[in-house]
Amino acid sequence: MNAFEQQIKKTLMADRKCALENLEQLKSAGNYGLTVCEPPQYYYDWLERIDDTLERLENGDFNICRLCAGPIGEERLRSSPCADLCIECQKKLVVHRLIHKFNYAFSPR
Ligand SMILES: [Zn+2]
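Now for a look at the structure at hand. Given the structure is predicted, the values throughout are model-derived calculations rather than measurements.

Here we look at the overall build of the protein
Secondary structure summary: the protein contains 4 helices and 0 strands in total. When the helices and strands of the protein are read in sequence order from the N terminus, they spell out α-α-α-α. Out of the 109 residues belonging to the protein, those deemed buried represent 11%. Within the protein, counting contacts between residues at least 6 apart in sequence, those at least 24 apart form 45% of the total.

Quick word on the environment of F62
Residue position: F62 is located in the loop between α2 (40-59) and α3 (74-79). Taking the number of C-beta atoms within 10 Å as the measure of exposure, F62 has 22 and is therefore buried. F62 sits 57 residues away from E5 along the chain, and the two C-alpha atoms are 8.1 Å apart. Not counting residues up to four positions away in its chain, the partners in contact with F62 are E5, R56 and L57.

Looking at α2
In a regular helix each residue adds 1.5 Å, so 20 residues correspond to 28 Å; α2 covers 29 Å between its end C-alpha atoms and thus fits that length. Within the sequence span of α2, burial applies to Y43, I50 and T53. Down the axis of α2, the sector holding all buried residues measures 90 degrees, keeping them to one side. Opposite its buried face, α2 presents the exposed residues P40, Q41, Y44, E48, D52, E55 and N59, each directed more than 90 degrees away.

Points about the environment of E38
Looking at where E38 falls in the secondary structure, it is placed in the loop between α1 (3-29) and α2. With 13 C-beta atoms packed within 10 Å, E38 lands in the partly exposed category. Taking the C-alpha atoms as reference points, E38 and L26, 12 residues apart in sequence, are found 9.2 Å from one another.

A few points about unusual backbone geometry
With a phi close to 65 degrees, A69 is a non-glycine residue in the positive phi region. Tracing the sequence through the fold places A69 in the loop between α2 and α3.

Conventions we followed
- Residues numbered from 1 in each chain as written.
- Predicted model: local features only at pLDDT ≥ 70, side-chain atom pairs only at ≥ 80, totals over all residues.
- Helix = DSSP H or I, 4+ residues; strand = E, 2+ residues; numbered from the N terminus.
- Buried ≥ 20, exposed ≤ 12 C-beta atoms within 10 Å, placed from the backbone.
- Contact = placed C-beta atoms within 7 Å.
- Expected span 1.5 Å × (residues − 1).
- Arc of directions from axis to C-beta.

Given below as structure tokens:
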């Protein structure tokens, strides 16, 4: 793990702690007096993404795009550490999803 990855790992561990604390707060306080405003599922999803990213850090494929196997890029990972696609694949995926949505919206039911 290089210095950049160490730094990301630190950030993720802090995020993980924060997500767990928020979940605890949700469990103990019910829905009253919360500083937490997201539903529990939001934090479970977040934790899952963090754990997945931590695993990829350990395996050494943190900076590798899941689709094209090219580098994701440190700049992108710095702003979104849980990204597992390079910006090009992410764009393609977004377009793909939009087309899918469009087709779905306009297909006869
Ligand atoms: Zn890619």
